[in-house]
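Descriptive analysis of the structure
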Amino acid sequence: MRIVRYVPSMKHAWDDFVERSKNGTFLLMRDYMEYHADRFADHSYIFTSDDDHDTPIALLPATLRDDTLSSHAGLTYGGLVMGMSTSGADALKMMELLRGQLATEGIGRLIYKAIPHIYHKQGAEEDLYALFRLDAKLHIRNLATVINLMDPIPSSRLGKRALKRQRKGGIEVKEVQTCDPFWDIVVADRKERHNTRPVHTGTELNYLKGCFPDNIRFFTASTATEETLGGAVIYLDRGVIHLQYAACTPHGKELYATDVIYHEIIFNLLPGNRYFDFGSNNEDAGRYLNEGMVRHKEEFGGRSVVYDIYELDIHH
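One structure accompanies this document, and this report is about it.

Each value, and the rule that gives it
- Here the residue index of a chain counts from 1 through its sequence in written order.
- Since the coordinates come from a predicted model, pLDDT governs what is reported: local features require at least 70, and pairs of side-chain atoms require 80 or more to be given and counted, while whole-chain, interface and lining totals use all residues.
- The basis for the side-chain values is all heavy atoms of the structure; hydrogens and waters are excluded.
- Geometry of aromatic contacts follows a simple scheme: Phe, Tyr and Trp rings, the Trp one being its six-membered ring, pair when their centres are within 6.5 Å, and the pair is stacked under 30 degrees between planes, edge-to-face over 60, tilted otherwise.
- Remark: exposure states derive from per-residue accessible area (1.4 Å probe, protein chains only) relative to the maximum for the residue type, with buried under 20%, exposed over 50%, and partly exposed in between.
- Counting from the N terminus, the helices are the DSSP runs of H or I reaching at least four residues and the strands are the DSSP runs of E reaching at least two.
- Between any two strands, at least two bridges found by DSSP are needed for them to pair.
- Only C-alpha atoms enter the line fits that serve as axes; for helices the fit covers just the stretch in contact. Angles between N-to-C directions range over 0 to 180 degrees.
- Angle categories: roughly parallel below 35 degrees, roughly antiparallel above 145, roughly perpendicular from 65 to 115, and oblique for all the rest.
- We call a crossing left-handed when the near helix sits turned anticlockwise from the far one by less than a right angle, and right-handed when that turn is clockwise.
- Only heavy atoms enter the contact rule, under which two residues are in contact if any of them lie within 4.5 Å.
- Put simply, Ala, Val, Leu, Ile, Met, Phe, Trp, Tyr, Cys and Pro go in the nonpolar bin, Asp, Glu, Lys and Arg in the charged bin, and everything else, Gly too, in the polar bin.
- Each salt bridge in this description consists of a side-chain nitrogen of Lys or Arg and a carboxyl oxygen of Asp or Glu lying within 4 Å of one another.
- Directions pointing from the helix axis toward each C-beta atom define the arc.

Let's talk about the packing of aromatic side chains
- A complete count under the given rule lists 16 aromatic pairs for this structure.
- Ring plane angle 90° and centroid distance 5.6 Å describe the contact between Phe26 and Tyr32, whose orientation is recorded as edge-to-face. Each of the two residues, Phe26 as well as Tyr32, counts as buried.
- Seen from their ring centres, Phe26 and Phe212 are 5.3 Å apart, and the 50° between their planes marks the pair as tilted. Linking Phe26 in the loop between helix 1 (11–20) and helix 2 (30–33) with Phe212 in the loop between helix 7 (202–211) and strand 10 (216–222), this pair joins segments that are 186 residues apart in sequence.

A word on the sheet that holds strand 7 (residues 109–113)
- With mixed pairing, the ten strands of this open sheet are ordered in space as 4-5-7-16-8-13-12-11-10-9. A strand with exactly one partner marks an edge of an open sheet, and here the two such strands are strand 4 (63–65) and strand 9 (172–176). The average undirected angle you get between the axes of adjacent strands in this sheet is 25°.
- Direction of pairing for strand 9 relative to strand 10: antiparallel, over a ladder of five bridges. Considered in strand 10, the bridge of Glu172 is made with Ser222.

A short note on the packing of helix 5 (residues 160–169) against helix 9 (residues 257–269)
- Two elements in contact, helix 5 and helix 9, have axes whose closest approach is 9 Å; the angle formed by their N-to-C orientations is 115°. One way to sum up the angle between helix 5 and helix 9 is to call them roughly perpendicular. When the axes of helix 5 and helix 9 are compared, the crossing they make is left-handed. Of the residues in helix 9, those in contact with Ala162, Leu163, Arg165 and Gln166 of helix 5 are Asp259, Val260, His263 and Glu264.
- Its residues placed into classes, the contact of helix 5 with helix 9 shows three nonpolar, two polar and three charged.

Here's the deal with the pattern of salt bridges
- The full count for this structure, using the stated rule, is 16 salt bridges.
- The closest approach of N and O atoms between Glu96 and Arg99, which form a salt bridge, is 3.3 Å. Here Glu96 and its partner Arg99 are both found in helix 3 (residues 88–104), three residues apart, which amounts to about one turn of the helix.
- In the salt-bridge network here, residues are joined through shared partners; they are Arg157, Arg165, Asp259 and Glu299.

Side note on helix 7
- Those residues of helix 7 lying buried are Gly202, Glu204, Leu205, Leu208 and Lys209. In a view along the axis of helix 7, the buried residues occupy a sector of 155°, so they form one face of it. Turned more than 90 degrees away from the buried face of helix 7, the exposed residues are Thr203 and Gly210.

As structure tokens, this is what we get:
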């Protein structure tokens with residue numbers, strides 16, 4: 001087995017492997033990883049076998065800053081992207097090989113964002129075992145709320161109550177091709193509630209939608225008079241509906257328009273998926289839990305899944 005740095009000529013091989021992998025998603029495709037390349041210097045690796053240097057057997061999406069390699073600083077998760085045949089012993093070799101490579105390059109620390117199990121096509125936690133063997137430490141644990149759509153916990157908020165609110169408010173939810181109709185609402189909501197700005201700009205999201213039209217989806221909620229009440233940005237992959245952004249106007253909040261959006265997306269617009277992921281409820285690197293936020297999401301039948309980040313001292 002060998003490890004080499006990714007170069008742009010490997011783009012096709014990289015993307016092809018992500019599509020065939022047991023735990024890769026579209027966030028780990030090169031066009032998504034590189035939309036903010038000016039802010040995050042790519043330092044990714046490809047693993048191949050000794051007898052076939054052209055065919056990847058695993059990938060590590062990564063960025064480098066000072067002496068810290070992150071997998072991946074600009075993404076929610078990174079970590080080893082593994083093939084269907086990757087075994088527990090293979091992952092041990094890969095992590096040992098990676099540690100040796102980083103030591104050679106003078107890189108002192110690895111920050112490793114594991115891919116949550118809800119995105120795995122097959123069991124893909126060989127990397128977590130390998131990290132344990134290398135004495136990596138759990139650095140950050142974020143608590144996300146996820147609805148199991150295959151066996152949902154009954155929730156009136158997602159069921160009858162959502163339908164009642166939809167009828168009462170005359171709310172229509174439809175898919176749109178740009179986030180422009182509702183993006184200002186998302187920006188205003190973030191500023192009012194958290195005094196922050198969204199991670200993406202509307203321009204970036206529209207660009208990414210053009211790259212991944214099946215994976216990035218935009219939805220609006222509006223009244224019969226065509227007043228826009230709110231909207232949602234959905235990331236869809238591997239049977240997981242991930243709620244990237246959702247927000248409503250003050251009038252939309254009075255009508256519980258987001259409840260209607262969730263109901264329509266899950267049951268009518270994007271049916272047949274395995275999970276609905278509301279995302280994380282944490283601040284301060286996982287140390288603070290927004291209990292009100294968790295309670296709100298659990299009212300829809302959501303329960304907890306962790307997004308883990310590990311730290312490995314390379315010189316240990």
